Amino acid sequence: MRFVFFALLFIVNLSLFAQQDSVPPPKKIDSLPTIQDSIPKVQKLDSLTVKLDSISLAKKSDSIPAKLDSIAKMKKLDSVTMKRDSVKKPKKLDSLAKKKPAKKKPMLNRPRIPELVEDTVRIEDYKIISYARDTTILDTTLTIRKEYKYNYLRRDDFEVMPFENIGRPYNVLGREFSKNSYYPLLGATARHANYMEVEDINYYHVPTPMTELMFKTTLEQGQLLDALLAFNLSKQFSASVAYKGFRSLGKYRFDQTQSGNFRTTFNYVNKKNNYTIRGHITAQDLESEENGGLLLREQFESTATDDFSDRSRIDVVFTDANNRILGKRYYFDHQWKLFNVKKDSTKGLPTSLTLGHEFTYETKFYDFTQSSQNSAFGSDPFVTPIEDRARLKTMFNKVSAEFSNRILGKLTGMVSLYNYNYFFNSILETDTGIIQNKLEGEEISVGGTYLKDLGRLRLSGDLNYNISGDMAGNAFNAKLEYQINDNYKITGGIHASSRMPDFNYLLYQSDYRNYNWQNTDTFDKQQIQNISFGIDSKLLGHLEAEYSAIDNYTYFQSTATQEQIDNGEETAFVRPFQEASTINHLRVKYFKEVKWRRWALANTVLYQNVTQDNNVINLPQVLTRNTLYFSKDVFKKAMFLQTGVTFKYFASYNMNAYNPLLGEFYIQNNEEFGGYPLLDFFINAKVRQTRIYLKAEHFNTLFTSEPNYYSAPNYPYRDFVIRFGLVWNFFS
């Protein structure tokens with residue numbers, strides 16, 4: 001009944017809002033206002049009669065046709081109609097033809113009609129520029145893909161499984177091994193889902209100020225808001241300021257999350273178009289309370305009584321832990337075009353030589369705090385309260401030279417320097433040896449990129465080779481795109497890379513004794529070889545396949561015995577390991593949308609298969625999402641309505657467990673989770689540049705007799721909840 005009430009209220013509000021917008025605005029007259037007393041109704045001068053009453057004003061035109069009596073043929077000149085035999089050669093609108101050359105006739109006394117300049121600003125002029133310098137146009141449409149991206153991450157979350165509360169970790173359902181960073185990262189990857197890296201920042205080129213507001217409700221005492229303002233100081237300089245913040249209390253005890261992502265960008269191109277510079281500054285804070293999951297699963301899974309239908313009454317493992325990620329980054333990238341020969345620009349790329357420099361400086365730390373000791377992480381800590389902090393400072397410089405030519409294509413050579421300092425407060429001496437307090441050094445690498453367009457065929461590739469340093473390795477990517485015709489396109493790619501694991505695998509220190517290790521001398525570089533293929537067809541859909549071979553795969557796993565697991569001490573024995581054998585991973589993903597009249601069925605299916613000696617990469621074999629929806633213009637096309645149901649399902653598998661101290665997922669092979677459907681019902685609408693969203697999430701829990709839906713072991717997925725919000729673009 002709650003959802004029916006919300007849905008009815010939502011539709012009534014939309015209809016009222018749309019009907020208000022559907023009323024056409026008052027017609028605007030483009031001519032100057034005239035005063036009736038100042039102009040006589042009829043003026044007759046030399047057989048040129050202008051009747052004021054006969055002048056009709058068109059809706060969207062500057063012309064004023066004049067109605068003249070007994071005129072067989074009319075000639076239209078500057079919006080005034082005149083007799084052909086009375087005025088033979090009119091020259092100007094505000095002058096009269098002369099009867100006799102010796103005498104001048106008085107000027108026609110009437111208001112002058114100003115010329116209106118058409119507004120040339122279009123939606124296509126609002127451009128979004130990515131880190132890779134790909135340019136897209138601002139999109140204010142409402143599609144099913146917009147529905148998939150309307151979430152906390154603001155991207156499609158098909159291959160991840162969110163936790164119960166907003167801002168919590170996302171368990172992995174699908175893996176792509178071809179998308180890895182060239183250098184090791186801080187770690188705590190489970191807490192980085194909402195952390196914006198350099199590649200996630202967009203730049204803007206706008207003719208007028210543009211604002212985007214994204215709002216969505218959360219769970220209990222909180223909201224989610226992402227606000228962006230993009231503006232220009234001149235035609236060459238555009239900037240943006242944005243902040244994404246949220247707070248959510250959650251349904252369970254000690255489950256509050258909050259975060260803030262501030263970013264500001266600028267983008268400048270000089271008038272000669274031979275120098276460009278862009279940059280951004282980010283300050284991000286992601287904080288979460290940690291409760292360790294359910295203490296007794298029976299309280300969640302039992303439906304015999306309603307004692308625990310209020311989830312805040314369910315017992316959790318602890319109520320005094322927090323983890324936090326704080327990061328600040330300064331970035332700029334500028335290019336100077338030395339020369340640009342444009343004589344062959346009509347046939348392809350102009351011949352040019354461009355020098356570039358890219359700079360990044362970032363500081364980041366990860367905190368875990370706990371007011372008292374808990375056996376979930378060990379029984380004998382060094383000190384209490386627990387205050388763990390891992391810090392990472394990095395600085396990256398890259399200089400490049402790019403040569404482009406119609407025949408050779410675009411060729412870039414570059415040299416980069418990467419400085420890192422990953423550190424803790426003190427050196428730790430244990431029974432097994434001394435654990436250092438930092439990993440510090442610099443990496444020097446050389447590389448290049450290549451791009452060539454051959455009509456329907458497009459070739460691209462990049463190479464990085466490390467010549468100094470121990471952390472980075474080598475990376476090679478090659479890609480081919482061929483447009484067979486307007487309906488078919490095929491792609492193929494090769495990827496090979498090697499680098500050391502993230503820093504928290506190599507070195508970690510904690511006030512809990514079990515969470516201290518150093519593996520810089522025992523771990524090798526992780527190596528990945530990958531081949532991919534894809535076909536995009538308007539008739540058959542989009543298919544992509546990827547095969548990967550991974551050596552020295554690094555992961556976290558618990559070494560606890562069954563007795564320790566039964567005592568709730570599994571997470572106390574989590575440590576990093578490296579697999580000696582080769583792991584083979586195959587994934588095939590298919591998307592197809594079938595439309596019939598106003599109905600559509602969007603289908604996404606992912607198949608995965610892992611061949612390995614030990615179960616260290618656990619993924620569901622089948623993952624599917626199917627959306628049946630209806631679309632229609634309503635209220636005299638003042639509103640576009642889209643409503644439907646989304647079904648998501650993944651096969652049961654050994655789902656990874658979550659460790660809140662490390663902020664990481666670790667391997668467990670004791671029990672399987674999954675094999676349950678997730679059903680969402682949504683009603684979305686678009687009014688002008690506003691997209692409005694209403695969703696009943698996981699509504700099939702209303703009919704579930706035995707709750708068994710988990711995001712990770714001991715961490716349930718959310719129950720039925722109604723959430724709503726909007727995305728609003730407006731322009732100044």
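Details of the structure are given in the entry above.
What comes next concerns the included structure. (Residues numbered from 1 in each chain as written. Predicted model: local features only at pLDDT ≥ 70, side-chain atom pairs only at ≥ 80, totals over all residues. Heavy atoms only, no water.)

The next thing to look at is the side chain of K146. Positionally, K146 belongs in helix α2 (residues 144-149). A distance of 2.8 Å separates a polar atom in the side chain of K146 from the backbone oxygen of T141. Other than its neighbours up to four places away in sequence, K146 contacts D139, T140, T141, R691 and Y693. (Helix = DSSP H or I, 4+ residues; strand = E, 2+ residues; numbered from the N terminus. Polar contact = N/O pair within 3.5 Å; in protein donor to acceptor, adjacent residues only side chain to side chain. Contact = heavy atoms within 4.5 Å.)

With that settled, consider the side chain of K695. Checked against the element boundaries, K695 lands in strand β38 (residues 690-697). Within the local environment of K695, its side chain forms a polar contact with the side chain of E147, the two groups lying 2.9 Å apart. Excluding anything up to four places from it in sequence, K695 contacts E147, D680, F681, F682, V721, I722 and R723.

Counting 43 residues, the largest nonpolar core has Y422, L439, Y508, Y515, L661 and L662 as its most contacted members. Among the secondary structure elements, those contributing two or more residues to this core are β15 (321-341), β16 (351-370), β17 (386-405), β18 (409-423), β23 (472-483), α4 (503-506) and β25 (507-508). In terms of residues, this core owes the most to one element, β17, which gives four residues. Excluding its chain neighbours within four sequence positions, the residues that come into contact with Y422 are L186, A390, R391, L392, N437, K438, L439, F503, N504, L507 and Y508. In this structure, F158, L173, F650 and Y676 belong to the second largest nonpolar core, which totals 18 residues. (Core = buried A, V, L, I, M, F, W, Y, C linked by side-chain atoms within 4.5 Å. Buried < 20%, exposed > 50% of the residue type's maximum accessible area, 1.4 Å probe, protein only.)

Geometrically, the link from T384 to P385 is a cis peptide bond, its omega value of 0° lying close to zero. Here P385 lies in the loop between β16 and β17. The phi dihedral of A188 is positive, around 50°, even though this residue is not glycine. Look at R597: it is not a glycine, yet its phi comes out positive at around 55°. With respect to the helices and strands, R597 occurs in the loop between β31 (583-596) and β32 (599-611). A relative accessible area of 75% places R597 in the exposed class.

Let's shift gears to the pattern of salt bridges. On inspection of all chains with the given rule, the structure shows 30 salt bridges. Put simply, R168 and D255 hold a salt bridge, and the shortest N to O gap is 3.3 Å. Placement of the pair is R168 in the loop between β7 (160-162) and β8 (170-172) and D255 in the loop between β12 (237-248) and β13 (257-269), with a sequence separation of 87 residues. Like R168, the residue D255 is buried in the burial classification. Of the charged contacts, one joins K179 and E176 as a salt bridge, the two residues approaching to 3.8 Å between their closest N and O atoms. What you see here is one network of salt bridges that share partners, running through R154, E212, D226 and R263. (Salt bridge = Lys/Arg side-chain N within 4 Å of Asp/Glu carboxyl O.)

The next subject is the packing of aromatic side chains. Overall, the coordinates contain 39 aromatic pairs when judged by the stated rule. Where Y505 meets F556, the ring centres are 4.3 Å apart and the plane angle is 25°; that geometry is what we call stacked. One end of the pair, Y505, is in helix α4; the other, F556, is in strand β29 (residues 554-558), with 51 residues separating them in the sequence. On the accessibility criterion, Y505 (11% relative accessible area) is buried. Taking the ring centre of F365 as reference, the NZ or CZ of R389 above it sits at 3.8 Å. Over the ring of Y148 we find R625; its NZ or CZ atom is 3.6 Å from the centre of that ring. (Phe/Tyr/Trp six-rings, centres within 6.5 Å; stacked < 30°, edge-to-face > 60°. Lys NZ or Arg CZ within 6 Å of the ring centre and 35° of its normal.)

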